[in-house]
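Here's the letter readout for the chains.
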Number of protein chains: 4
Amino acid sequence: MNSFGELFRVTTFGESHGPAMGAVIDGCPAGVPLTKAFVQRALDRRRPGQSAVTTARQEADQVELLSGVYEDKTLGTPIAAIVRNTDARSQDYAKLAKEDRPGHADRVWRERFHHRDPRGGGRTSGRETLCRVIGGAVADALLANETPKLNVVAWVSQVGPFVAPLPAAGLTRAQVDAHPTRCPDVALAAEIEARILEAKAAGDSLGGAITVRIEGAPLGLGEPVFGKLKSRLADAFAGVGAVTGVVWGPADLEHRLRLPGTQFHATNADGTPSDVYGGIQGGLANGEPVLARVLFKPPATLTDHAKAGRHDPCILPRAVPVIEAMASMVFADLLLSFLARPHRA
Amino acid sequence: MNSFGELFRVTTFGESHGPAMGAVIDGCPAGVPLTKAFVQRALDRRRPGQSAVTTARQEADQVELLSGVYEDKTLGTPIAAIVRNTDARSQDYAKLAKEDRPGHADRVWRERFHHRDPRGGGRTSGRETLCRVIGGAVADALLANETPKLNVVAWVSQVGPFVAPLPAAGLTRAQVDAHPTRCPDVALAAEIEARILEAKAAGDSLGGAITVRIEGAPLGLGEPVFGKLKSRLADAFAGVGAVTGVVWGPADLEHRLRLPGTQFHATNADGTPSDVYGGIQGGLANGEPVLARVLFKPPATLTDHAKAGRHDPCILPRAVPVIEAMASMVFADLLLSFLARPHRA
Amino acid sequence: MNSFGELFRVTTFGESHGPAMGAVIDGCPAGVPLTKAFVQRALDRRRPGQSAVTTARQEADQVELLSGVYEDKTLGTPIAAIVRNTDARSQDYAKLAKEDRPGHADRVWRERFHHRDPRGGGRTSGRETLCRVIGGAVADALLANETPKLNVVAWVSQVGPFVAPLPAAGLTRAQVDAHPTRCPDVALAAEIEARILEAKAAGDSLGGAITVRIEGAPLGLGEPVFGKLKSRLADAFAGVGAVTGVVWGPADLEHRLRLPGTQFHATNADGTPSDVYGGIQGGLANGEPVLARVLFKPPATLTDHAKAGRHDPCILPRAVPVIEAMASMVFADLLLSFLARPHRA
Amino acid sequence: MNSFGELFRVTTFGESHGPAMGAVIDGCPAGVPLTKAFVQRALDRRRPGQSAVTTARQEADQVELLSGVYEDKTLGTPIAAIVRNTDARSQDYAKLAKEDRPGHADRVWRERFHHRDPRGGGRTSGRETLCRVIGGAVADALLANETPKLNVVAWVSQVGPFVAPLPAAGLTRAQVDAHPTRCPDVALAAEIEARILEAKAAGDSLGGAITVRIEGAPLGLGEPVFGKLKSRLADAFAGVGAVTGVVWGPADLEHRLRLPGTQFHATNADGTPSDVYGGIQGGLANGEPVLARVLFKPPATLTDHAKAGRHDPCILPRAVPVIEAMASMVFADLLLSFLARPHRA
């Protein structure tokens, strides 16, 4: 189905070439400060055409709030927001209407729904992620109001063979956005940018990884059996188009898995657990930063170079706000569950 | 909460040292052949004390079916099954009652629920997975009846530094079970067994990976936006205790992510897509085998060697039926969703 | 929350004086014929200002389909539809902003959400039911495609002291709509109309009952324990603003409850069960027409007669399509559940 | 399905003549005082053979708590409780195996599930309600801990033609239980008892009504659109076997619906709203006692008088704790939802 979350529930809709895309956010409490400008800024971080490393397609993606907000505060009623599709360019896709695009889910979709929307991917388009960004913006507003210490930040930590070191604690989204690649390591960012432009020119593409870190999660947030914090985030991230893996804890996990437990579980000097838990134990936030690495395939490339300009050679920079949105929606939902349980000993 | 799935919904209960553990499976259609012996065999594959490579704890784990089955067929009503806890040995844990065990979620659990069950881990115990195996057995019975071509098989594909090659198509659970390590590569299995026994003797532990392959999934099974097949499985696997990552597609994915898209997406000789999709495109089963690698941390070890014998030095062999159970529950649930949608063009 | 249904799930949004109201329908299969004109006709049956017996407020309530439909067929993706609020007249409500309106939920809402939308009732307004009518129209389209024999029809069966007899089988919505009161009994309809106009002139109001009959329900549709067909419909109808009771079976049920079981359960001449079951046994449709009587309070009246013209003196005629919409959504949802369960003996 | 509630979720299982029946309660917070004796007392109020006015069948219905409780407090984990079926007497039902029982759902059930459990009604048996009583007992324990002022009490307010007046505020369950008919009006209770015994002797049966009153509900509890308090309770009560109607507000509602709004809505002398709202406005508890009348059909009677002794001539006295259980589960669930929403203005 097209809903995400239980108590903070985001329902998305819209085909990439239909009249509009949008989201309905149900369960956001009343009284949370929320403006159209705040949601728009979130969308601007995702939209195509931001910089040379993204697709050249220009989509304004102007949001309209239809309900749930009055005088810049949430009403406690469902928040509906839409974005009109303006750069439809359906003629670009008309030629593809009859044939399944390589590397796309066209054939599978047709089997499932007994038709294929010839207007370009329908709901499977990466454009669908703008709905998630809307949901994430509302989640961010809620979290800022209820758990101001929470800091959900993602960044590009790998592009092709280039792997960035873990940045210091307290990294902000503004710091990440300071470079078009959204890799906060200054030296590496320049190298990555060059490599993406090179791939773009060659009609090639690049994959890699985004690392997301959530600092300040309430101790004990999550569920202990099904719906563990680990599971909820894995579900959230694996649902983003090109994601091909979700790994917890240290960046060199694949290497460390080769070591025996006595070495793997070595505690830090101060006796605290090392970061092998990725901030989660028994399904619950353990007070350490929650740390996950999300692996992305390189986009399937088109042999027709003329079209290449309209697709991202590397989706990682634009996927950063999408991964953050997914994380924020998970935390908003779990936070409301957390509040629903009176704690009596 | 403690339920898994929407239409095929498994609710589990029981603390590891309370009177009983069990599961209620709601949504299984009527008329599916199901016997107590079938469920018992599934539990036997998970139970402790199976072989020298597992914990020496002996737990009979005898299942009792309380409802939902009559004359060896499901009634369409909820199937409740329980296992009494017999090897409680709570005195072993009495000493631990006052202190949080290192490497366990005790501290976090206590913060969340304002108490800690001193009888040994409560719901966070690995023993909770027997409830999942019950759910998986019923899912298997349903799938065997409705989609007989579906083949859900998992195996130990890595222990510490030892990595097994991908086995040929059509591997069966019986073939996997033929070796106590559940590594189907005969040569490597012996090496892995020796290594686990060595770790056991040394009070050490080992992690690694289980690979799960689902052959014969109905084309188009899954959901395209939220609840993608990829997401559902990631959620399912990440919810198993020591899992620290879920990765799709080829075993050397981390290596292949370093390559540009043109090399990453190279098709097979016959023009079919290569296995980079792990059998899933756009969230839906694409007709190829679904292939995921589930990464496991080594268990946290106890410095007290006297206790070590009661814990698994390497949980991978016993986790194989748990991973299969999670996969089967996901497929059973998605299959019922699939049937709920009449396909009209 | 603001969603209704499980597999056919309708999420509604919008405050009565915000920018727009609407609904997202998730779970409608692909390939169902659906046009904007079809949804508009459904809304036209509910809109204010249809006739002398309703409020004089004129609201065009023009629907726009934002997603989920392409070339007049559903895509299998979420269907989003909105109606802009044009007749806001918020100045009418400005005077009321500071005081709780008698007979309204203003005070309770303010306690719950710690604020009250001063623009006129927000989500508690009867205007919210237009979202339900959108959901019902999509449900009707699905049902027409999958179970063409199903006939969901409601009518005004009581206004104040006037009670209409049960109409013959096969009554259509067009026959009901032929009279502005939506009472299909021609003689009584005239009397009822006169009485409503009288109440309107006097600044008074009238309650009564709507009877809904669903013919042609698939035998066995429903659930046997929780979510019985009876429960689902009771939940659906009781959720409509002024409803104060839901009663199954014959119109004189209160009288028949005074009789002993031998007289109450008398079978019909042909040995079939009498209509005391209201078409439902054990929570499942039993093949007889499903028959429910929905009781409506008279609207709370305003002492200010000048305003009275902007409110319905008797909401029953306009509530008929709302009750039908609720019934259709329930049947659409249960139908998809029904299909999700393979029937094997 | 077989679950009830969202945050406080009760899943029931068991056929009336299978090995056991039971319930799993998920979502009850930790630290709530709960004993086996407390649950047993609740079951004792429902069990057959309590008095001359009920069935002569004797079923001990001894409960066993399998999980979720430790040292008489809830753990925050799922609470599983079972009751073994001891008085199976399946031979009584063997004769009926081949034929559908008149007045039962046998035929419909067989169509739905393609089989019929010949052991006596399976899940459609009234015996299933013991699972609801278990869920209600846990809900009562939670409510007593969190909202000690809440008072959920039901009583027999009508049997056949005998209608009891509304008892004074503060009525307790003990006061209701003081008479075997559970009619708290002393004079009428004797008359009702005589009438039930008369029907029993004659192989006849009687229906009527149970009134349930919930005092002390938190102001604003409920949901404003779907899942209104009114809807939730209607769903809950309509799901009990023989229920044929749910009506809000005053007992003479059918009469008052004949009156115009100015008379219907007359306020009380002190200016407070009269009880026409049944304690609910806009879907939310309005601070007044919530008051509903639940109508029950007379049980379908058996022509075989020899069997008649094993069935209740009037199920109303034993249905009182079932209606209370349903109400308590709804309030427990809504209370947790209520807590999940931080209230900021």
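Scope of this entry: the structure provided in the associated data block. Note that the structure is predicted; figures quoted are calculated from it, not measured.

### Focus: the overall build of chain A
1) Next: Looking only at helices and strands, chain A features 11 helices and 15 strands.
2) Next: Of all 345 residues assigned to chain A, the portion counted as buried reaches 66%.
3) Next: For chain A, long-range pairs separated by at least 24 residues make up 72% of all intrachain contacts whose partners lie at least 6 apart in sequence.
4) Next: Summed over all atoms, the accessible surface of chain A reaches about 11000 Å², with 54% contributed by carbon and sulfur.

### Quick word on the packing of aromatic side chains
1) Next: Scanning the model with the defined rule gives four aromatic pairs over all chains in all.
2) Next: For the ring pair phenylalanine 4 of chain C and phenylalanine 226 of chain D, a centre distance of 5.2 Å and an interplane angle of 35 degrees mean the geometry is tilted. Of the two residues, phenylalanine 4 of chain C sits in strand S1 (residues 3–4) while phenylalanine 226 of chain D sits in the loop between strand S10 (208–215) and helix H7 (229–238), which places them in two different chains. Each of the two residues, phenylalanine 4 of chain C as well as phenylalanine 226 of chain D, counts as buried.
3) Next: The ring of phenylalanine 264 of chain B carries the charged tip of arginine 256 of chain B above its face, separated from the ring centre by 5.8 Å.

### Points about the interface of chain B and chain A
Much of the literature gives interface size as the accessible area that the parts lose upon coming together.
1) Next: Taken together, the contacts link 83 residues of chain B with 83 residues of chain A.
2) Next: Buried area between chain B and chain A, summed over both chains or domains, comes out near 6900 Å², and the portion from carbon and sulfur atoms is 56%.
3) Next: It is Arg112, Phe226 and Leu257 of chain B in chain B that bury the most area against chain A; as a group they hold 13% of the surface buried on that side.
4) Next: One salt bridge in this structure joins arginine 293 of chain B and glutamate 254 of chain A, with 2.6 Å as the shortest N-O distance.
5) Next: Run the count over chain B and chain A and you get 32 residue pairs in polar contact (both at pLDDT 80 or more).
6) Next: Tallied by class, the residues present in the side of chain B that touches chain A amount to 39 nonpolar, 26 polar and 18 charged.
7) Next: Across three bridges, the pairing between strand S12 (residues 243–248) of chain A and strand S12 (residues 243–248) of chain B is antiparallel. Bridged to valine 247 of chain A within S12 of chain B is glycine 245 of chain B.

### Topic: the side chain of arginine 45 of chain D
Residues and elements named next belong to chain D.
1) Next: Mapped onto the elements of the fold, arginine 45 is located in helix H1 (residues 36–46).
2) Next: On the basis of relative accessible area, arginine 45 is assigned to the buried category, the value being 14%.
3) Next: Setting aside its immediate chain neighbours within four residues, arginine 45 contacts Gln50, Arg173, Asp177, Arg182, Val320, Pro321 and Glu324.

### Thoughts on the relation of the copies chain C and chain B
Each of the two copies of the chain can be brought onto the other by a rotation about an axis and a shift along it.
1) Next: Its rotation angle being 180 degrees, the transformation that places chain C on chain B also includes 0.0 Å of axial translation and leaves an RMSD of 0.0 Å. Such a combination of turn and shift is consistent with a two-fold rotation axis. Looking at the rotation axis and the C-alpha trace of chain C, the residue lying nearest is alanine 340 of chain C, at 1.9 Å.
2) Next: Residue by residue, 100% of the interface of chain C is reproduced at the interface of chain B, so both copies engage with the same surface.

### Re the packing of helix H7 (residues 229–238) of chain C against H7 of chain D
1) Next: The contact between H7 of chain C and H7 of chain D brings their axes to 8 Å, and the two run at 160 degrees. Considering their axes alone, H7 of chain C and H7 of chain D lie roughly antiparallel with respect to each other. As for the relative orientation of H7 of chain C and H7 of chain D, their crossing is right-handed in sense. Where H7 of chain C approaches H7 of chain D, its residues Lys230, Ser231, Arg232, Ala234, Asp235 and Ala238 of chain C are matched on the opposing element by Lys230, Ser231, Arg232, Ala234, Asp235 and Ala238 of chain D.
2) Next: Partitioning the contact of H7 of chain C with H7 of chain D into residue classes produces four nonpolar, two polar and six charged.

### Observations regarding the sheet that holds strand S6 (residues 69–70) of chain A
1) Next: Strand order in the open sheet formed by three strands is S4-S7-S6 (chain A), with antiparallel pairing between adjacent strands. Each edge of the sheet is formed by a strand with only one pairing partner; in this case those strands are strand S4 (30–33) and S6 of chain A.

### Section: the interface of chain C and chain B
1) Next: Listed by partner, the interface residues are 15 residues for chain C and 15 residues for chain B.
2) Next: Together, the buried faces of chain C and chain B total about 1400 Å²; carbon and sulfur atoms form 48% of this surface.
3) Next: Between the two partners, chain C and chain B, sit zero salt bridges.
4) Next: Elements supplying a minimum of two residues to the side of chain C that touches chain B: helix H4 (129–146) and helix H11 (316–339) of chain C.

### Observations regarding the pattern of salt bridges
1) Next: Within the structure shown, the criterion is met by 56 salt bridges over all chains.
2) Next: Notably, a salt bridge pairs aspartate 177 of chain C with arginine 182 of chain C, separated by 2.6 Å at the nearest N-O pair.
3) Next: The exposure class of aspartate 177 of chain C is partly exposed, given its relative accessible area of 29%.
4) Next: Judged by its relative accessible area of 6%, arginine 182 of chain C is buried.
5) Next: Look at the salt bridges and you will find they share partners, linking Arg45, Asp140, Arg173, Asp177, Arg182 and Glu324 of chain A into a network.

### Digging into helix H1 (residues 36–46) of chain B
1) Next: By the burial criterion, the buried members of H1 of chain B are Val39, Gln40, Ala42, Leu43, Arg45 and Arg46 of chain B.
2) Next: For H1 of chain B, the secondary structure elements touched by its buried residues are strand S5 (63–67), strand S8 (79–84), helix H4 (129–146), helix H5 (173–177) and helix H11 (316–339) of chain B.

### Let's talk about the relation of the copies chain B and chain A
1) Next: Turning chain B through 180 degrees and shifting it by 0.0 Å along the axis lays it on chain A, with an RMSD of 0.0 Å.
2) Next: The residues that chain B uses at the interface reappear at the interface of chain A in 100% of cases, marking a shared surface.

### Considerations on the pairing of strand S11 (residues 208–215) of chain A
Residues and elements named next belong to chain A.
1) Next: Counting buried residues in S11 gives eight out of eight residues, a clear majority hidden from the surface.
2) Next: Note: strand S9 (residues 151–159) against S11, eight bridges, orientation antiparallel. Looking at S11, one finds that valine 153 is bridged to arginine 213.
3) Next: Pairing of S11 with strand S15 (residues 290–296), which is carried by seven bridges, proceeds in the antiparallel orientation. Within S15, the position partnered with isoleucine 214 by the bridge is valine 290.

### A short note on the pairing of strand S7 (residues 79–84) of chain D
Residues and elements named next belong to chain D.
1) Next: With five of six residues buried, S7 is to be regarded as a mostly interior element.
2) Next: One ladder, built from six bridges, connects strand S3 (residues 20–26) with S7; its direction is antiparallel. Opposite glycine 22, over in S7, you have isoleucine 82 as the bridge partner.
3) Next: In the sheet, strand S4 (residues 63–67) pairs with S7 via four bridges, with the strands oriented antiparallel. The partner of serine 67 across the bridge, within S7, is alanine 80.

### Details of the sheet that holds strand S10 (residues 162–163) of chain B
Strand pairing in a sheet relies on backbone hydrogen bonds, with the paired strands running either antiparallel or parallel.
1) Next: Taking strand neighbours across the sheet as the criterion, the 10 strands line up as S10(A)-S9(A)-S11(A)-S15(A)-S12(A)-S12(B)-S15(B)-S11(B)-S9(B)-S10(B) in an open arrangement whose pairing is antiparallel. Looking at strand neighbours, the two that pair on one side only are strand S10 (162–163) of chain A together with S10 of chain B, the edges of this open sheet.
2) Next: Contacting S11, S12 and S15 of chain A together with S12 of chain B, helix H7 (residues 229–238) of chain A runs over the sheet at an angle of about 155 degrees to S12 of chain A.
3) Next: Across the face of the sheet, helix H7 (residues 229–238) of chain B comes into contact with S12 of chain A together with strand S11 (208–215), S12 and strand S15 (290–296) of chain B while running at roughly 155 degrees to S12 of chain B.

### Some words on the state of the cysteines
What we call a disulfide is simply a covalent bond connecting the sulfur atoms of a pair of cysteines.
1) Next: Using the criterion set out here, one finds zero disulfides over all chains in the structure.
2) Next: Of all cysteine sulfurs, the one in cysteine 131 of chain C lies closest to cysteine 28 of chain C, which takes part in no disulfide; the gap is 18 Å.

### Regarding the environment of valine 225 of chain B
1) Next: Its location among the elements puts valine 225 of chain B in the loop between S11 and H7.
2) Next: Sequence separation between valine 225 of chain B and aspartate 61 of chain B is 164 residues; the distance between their C-alpha atoms is 39 Å.
3) Next: Here valine 225 of chain B is in contact with Asn2, Thr12, Arg123, Glu128, Arg132 and Gly239 of chain A, once residues within four sequence places are set aside.

### A short note on unusual backbone geometry
1) Next: Backbone geometry at aspartate 61 of chain B places phi at a positive 50 degrees, although glycine is not the residue there.
2) Next: Relative to the elements of secondary structure, aspartate 61 of chain B occurs in the loop between H1 and S5.
3) Next: With a relative accessible area of 3%, aspartate 61 of chain B lands in the buried category.
4) Next: One non-glycine residue with positive phi stands out, namely aspartate 72 of chain C, at about 65 degrees.
5) Next: Along the chain, aspartate 72 of chain C turns up in the loop between strand S5 (69–70) and strand S6 (73–74).
6) Next: Classification of aspartate 72 of chain C by relative accessible area gives partly exposed; the value is 46%.

Parameters at a glance
- Residues numbered from 1 in each chain as written.
- Chains lettered and ligands numbered in written order.
- Predicted model: local features only at pLDDT ≥ 70, side-chain atom pairs only at ≥ 80, totals over all residues.
- Heavy atoms only, no water.
- Helix = DSSP H or I, 4+ residues; strand = E, 2+ residues; numbered from the N terminus.
- Buried < 20%, exposed > 50% of the residue type's maximum accessible area, 1.4 Å probe, protein only.
- Contact = heavy atoms within 4.5 Å.
- Areas by Shrake-Rupley, 256 points an atom, 1.4 Å probe, with all protein chains shown as cover.
- Phe/Tyr/Trp six-rings, centres within 6.5 Å; stacked < 30°, edge-to-face > 60°.
- Lys NZ or Arg CZ within 6 Å of the ring centre and 35° of its normal.
- Buried area = accessible area lost by both parts, 1.4 Å probe.
- Salt bridge = Lys/Arg side-chain N within 4 Å of Asp/Glu carboxyl O.
- Polar contact = N/O pair within 3.5 Å; in protein donor to acceptor, adjacent residues only side chain to side chain.
- Nonpolar A, V, L, I, M, F, W, Y, C, P; charged D, E, K, R; others polar.
- Pairing = 2+ DSSP bridges.
- Least-squares fit on C-alpha atoms with pLDDT ≥ 70 in both.
- Axes fitted to C-alpha atoms, helices over the stretch in contact; angles between N-to-C directions.
- Parallel < 35°, antiparallel > 145°, perpendicular 65-115°, else oblique.
- Left-handed = near helix turned anticlockwise from the far one by under 90°.
- Disulfide = S-S within 2.5 Å.

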